[in-house]
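Coordinate analysis (summary)
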Amino acid sequence: EKHGKCAGAADADDYISQVCALAEAPLRVMAGAKRAELDLVDTAAQLQRSGHCVWSLGTQAQVLLSACAGADGRWRLADAHDFPRVCGGAREEL
């Protein structure tokens, strides 16, 4: 079972669990933005105001958030400038 290990996770189940956990809070913000009928740019701005660092806007109406993984293999959402503090010398960045 190598799936997920390249991302620093223990296995595929750990990887999916981490991704789902990371997405939970931003998805709540995005659901509120959708109810308020915000466009993509305003949704990204609402994510920023809510403390989620928007890395960029992608194709297909995607919002890319910055994340880092610590030596413990745990991924965390963080501003790229905060990676050393949040992930303690992260070995992976996305």
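One can find the structure itself at the top, above this paragraph.
Read on for a plain summary of the structure. It should be emphasised that the depicted structure is a prediction, and the values quoted were computed from it without experimental measurement.

A word on the state of the cysteines
Here a disulfide denotes one covalent bond, and it connects the sulfur atoms of two cysteines. The final tally for this structure, using the stated rule, is 1 disulfide. Linked covalently through their sulfurs, Cys68 and Cys87 form a disulfide whose S-S length is 1.9 Å. Note on the Cys68 and Cys87 pair: the S-S dihedral is about 80°, so by sign convention the disulfide is right-handed. Of this pair, Cys68 sits in strand β3 (residues 67-69) while Cys87 sits in helix α3 (residues 83-87); the two residues are 19 residues apart in sequence, bridging distant segments of the chain. Cys87 carries the same exposure label as Cys68, and that label is buried.

Calculation criteria
Residues numbered from 1 in each chain as written. Predicted model: local features only at pLDDT ≥ 70, side-chain atom pairs only at ≥ 80, totals over all residues. Heavy atoms only, no water. Disulfide = S-S within 2.5 Å. Helix = DSSP H or I, 4+ residues; strand = E, 2+ residues; numbered from the N terminus. Buried < 20%, exposed > 50% of the residue type's maximum accessible area, 1.4 Å probe, protein only.

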